[in-house]
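# Notes for the structure review
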Number of protein chains: 2
Amino acid sequence: MSRIVRVAGAQMGPNSKYDSRKQIMDRIIALLEGSAKQGAELVVLPELALTTFFPRWFYQNEDELLAFFEPAMPNPNVQPLFDRARELKLGFYLGFAELAREKDETGTLKTIRYNSAITVDRAGRVIGKYRKVHLPGSTDFRPGLTYQQLEKRYFTYGNLGFPAFRGFGGILGMLICNDRRWPEGWRCYGLQGVDLMLIGYNSASFDPNGGEGESAELRTFHSTLAVQGNAYMNSTWAVSVAKAGNEDGGGLIGGSCIVGPDGQVKAQCKTLGDEIIVHDADLDLCKQGKEKMFNFAAHRRPQHYGRIVEQVGAIEPPVAPPAAAE
Amino acid sequence: MSRIVRVAGAQMGPNSKYDSRKQIMDRIIALLEGSAKQGAELVVLPELALTTFFPRWFYQNEDELLAFFEPAMPNPNVQPLFDRARELKLGFYLGFAELAREKDETGTLKTIRYNSAITVDRAGRVIGKYRKVHLPGSTDFRPGLTYQQLEKRYFTYGNLGFPAFRGFGGILGMLICNDRRWPEGWRCYGLQGVDLMLIGYNSASFDPNGGEGESAELRTFHSTLAVQGNAYMNSTWAVSVAKAGNEDGGGLIGGSCIVGPDGQVKAQCKTLGDEIIVHDADLDLCKQGKEKMFNFAAHRRPQHYGRIVEQVGAIEPPVAPPAAAE
């Protein structure tokens with residue numbers, strides 16, 4: 001038996017803050033067309049695919065900041081993407097900055113910003129929505145640094161949990177960038193039987209402020225390792241896709257990859273530009289792991305996992321008092 | 001600053017059920033001496049290091065089964081190991097079958113069997129104890145199979161949780177075999193600030209009953225990947241050590257490895273026999289990860305991790321009812 005989904009990862013080269021939405025949309029549509037040409041049913045685009053990674057700058061003017069956000073999905077700016085994908089019968093994962101209107105505790109409507117992703121089916125319907133839970137970076141402006149990482153300032157932590165959903169003949173999950181390094185999120189999806197995980201990312205390839213740091217090679221290795229390890233331990237396919245290259249002075253790793261439920265890399269991008277990878281993902285290959293090695297019902301012992309939900313940070317064991325002289 | 005611990009992994013070739021305890025003890029002592037010669041302070045031995053992997057057989061005679069167990073640690077059988085290690089000022093991790101005496105709910109003393117490991121410091125004191133939580137295999141005899149995997153029958157699930165402890169200048173944790181594939185255990189240790197994880201294993205290299213199965217290469221890859229991924233995501237060193245080779249007709253993978261907090265393999269065994277690997281593990285290299293990327297206090301969101309403790313097995317999202325005709 002087999003349930004094959006031809007998946008594509010559409011890595012994007014850098015967007016610039018000087019690019020028009022039209023320029024970026026044209027590149028995305030070219031990636032959709034290239035993916036469809038290779039027979040893909042589902043294409044994964046990066047995190048914040050429609051803009052530059054704007055949390056690298058400190059905006060005091062709210063209007064400047066909000067220009068990066070989507071007030072609805074779809075909206076006139078992205079309608080061409082939705083239209084072309086539906087014509088091509090191509091589903092997609094899209095990362096974007098979301099401007100939501102939500103009621104607070106007092107019932108007052110408020111505008112809230114999220115780092116979000118949606119999955120759209122081959123008929124153009126939004127079938128899944130996710131808001132990034134693991135926001136990295138800082139809340140406050142860090143003086144003296146040319147480049148910031150202000151995700152914690154510009155975005156509210158995702159409030160949807162890790163909601164798996166059905167589509168493309170399988171059970172899908174979404175993560176965004178830093179989320180892929182957190183086994184908790186993967187496991188929450190694994191506990192819903194996920195067999196295809198979709199991930200977009202923007203990950204620094206060097207410290208743009210000139211500090212010492214890990215090499216781009218090591219950072220790319222980490223990005224791939226996190227996906228391989230978690231895909232294996234949850235017996236799921238994963239498509240993990242970068243925005244890459246030198247983006248407005250901030251370097252971003254590439255290494256977009258399609259990983260099997262056996263943890264092996266099936267396809268990986270070689271450039272830092274717009275590049276498509278495609279693979280036939282047989283979702284039934286997830287069954288062996290789910291029924292044997294990672295049969296959760298047979299082998300998990302949640303009574304010993306309490307720390308995972310009962311504490312946030314690490315609590316080290318006490319230092320023993322010095323032994324009494326003997 | 002640096003806190004360097006020279007760690008060794010002492011992979012063992014197969015034990016046979018026909019080997020005397022003395023024969024096995026002599027090989028272990030040779031491995032201790034070889035590790036000490038290379039300047040190691042701490043050597044990791046495999047799971048069930050003192051015996052063959054006896055859960056591959058069905059024992060109806062309790063005495064035959066109990067012959068594989070240690071009624072106390074140390075005991076006269078293993079005293080030479082403790083003595084020689086203390087002489088060499090060499091700490092060690094040792095996996096063994098434990099026969100414990102514990103009171104049940106009614107206060108009655110009972111004999112309970114665990115798959116256990118201890119860590120002993122350079123002065124010969126037991127400083128840590130662990131009982132395997134993730135027991136694989138089956139509880140019941142499976143008719144028609146020459147080789148069984150009866151860990152769930154012969155052992156009780158570990159009841160000590162994941163207890164980190166201090167030693168060798170760091171914070172240590174222990175896992176046993178299958179545990180290394182479960183991110184929950186790693187995270188429970190990570191949440192105690194572990195910077196050196198000790199693991200012994202016996203993992204099949206093929207299906208001894210002649211069924212189709214994964215190649216030894218893929219199984220070794222999985223063993224290494226699980227350690228790399230979890231070491232990286234918890235920013236800890238890990239020493240993961242096999243009993244390897246053809247053991248009484250059951251094949252066991254090798255691939256014993258020392259992995260850094262950056263997820264990279266620093267040393268790895270090349271044979272399926274008795275073999276020592278050594279590495280200078282600088283525990284301070286764990287700090288970068290713990291303070292930045294994996295600063296748990298800053299970035300974890302336990303309010304979304306509830307499934308990890310609230311359910312054991314996977315619960316799939318409902319299948320949507322067929323859409324009404326439009």
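Coordinates for the structure precede this section.
Criteria and cut-off values
- Residues numbered from 1 in each chain as written.
- Chains lettered and ligands numbered in written order.
- Predicted model: local features only at pLDDT ≥ 70, side-chain atom pairs only at ≥ 80, totals over all residues.
- Heavy atoms only, no water.
- Salt bridge = Lys/Arg side-chain N within 4 Å of Asp/Glu carboxyl O.
- Helix = DSSP H or I, 4+ residues; strand = E, 2+ residues; numbered from the N terminus.
- Buried < 20%, exposed > 50% of the residue type's maximum accessible area, 1.4 Å probe, protein only.
- Least-squares fit on C-alpha atoms with pLDDT ≥ 70 in both.
- Contact = heavy atoms within 4.5 Å.
- Pairing = 2+ DSSP bridges.
- Axes fitted to C-alpha atoms, helices over the stretch in contact; angles between N-to-C directions.
- Polar contact = N/O pair within 3.5 Å; in protein donor to acceptor, adjacent residues only side chain to side chain.

### With respect to the pattern of salt bridges
- Using the criterion set out here, one finds 48 salt bridges over all chains in the structure.
- E98 of chain B is the partner of R131 of chain B in a salt bridge, and the nearest nitrogen-oxygen pair spans 2.9 Å. Within this pair, whereas R131 of chain B is found in strand β5 (residues 126-131), its partner E98 of chain B is found in strand β3 (residues 91-103), the two being separated by 33 residues in sequence. Comparing R131 of chain B with E98 of chain B, the two get one shared label, buried.
- One salt-bridge network, held together by shared partners, links R3, D195, D284 and K287 of chain A.

### Some details on the relation of the copies chain B and chain A
- By a simple turn and slide, chain B fits onto chain A: the slide is 0.0 Å along the axis, the RMSD is 0.0 Å, and the turn is 180°. Within this description, the copies of the chain are treated as partners about a two-fold rotation axis. Proximity to the rotation axis, assessed at the C-alpha, singles out G229 of chain B in chain B; its C-alpha lies 2.5 Å from the axis.
- The overlap is high: 100% of the interface residues of chain B also sit at the interface in chain A, so the same surface is used on both sides.

### Overview of the sheet that holds β5 of chain B
All names here are of chain B.
- Ordered by their spatial adjacency, six strands build an open sheet running β5-β4-β3-β2-β1-β14, and the pairing between neighbours is mixed. Either end of the sheet is taken by a strand with one partner, and the two such strands are β5 and β14 (275-282). The sheet shows a mean angle of 35° between the axes of neighbouring strands, direction not considered.
- With five bridges joining them, strand β4 (residues 109-120) and β5 adopt antiparallel strand pairing.

### Section: the side chain of D121 of chain B
Residue and element names in this part refer to chain B.
- Considering the arrangement of structural elements, one finds D121 in the loop between β4 and β5.
- At 2.9 Å, the side chain of D121 and the backbone nitrogen of A123 are in polar contact.
- When near neighbours in sequence (up to four residues on either side) are disregarded, D121 contacts L90, G91, I127 and F168.

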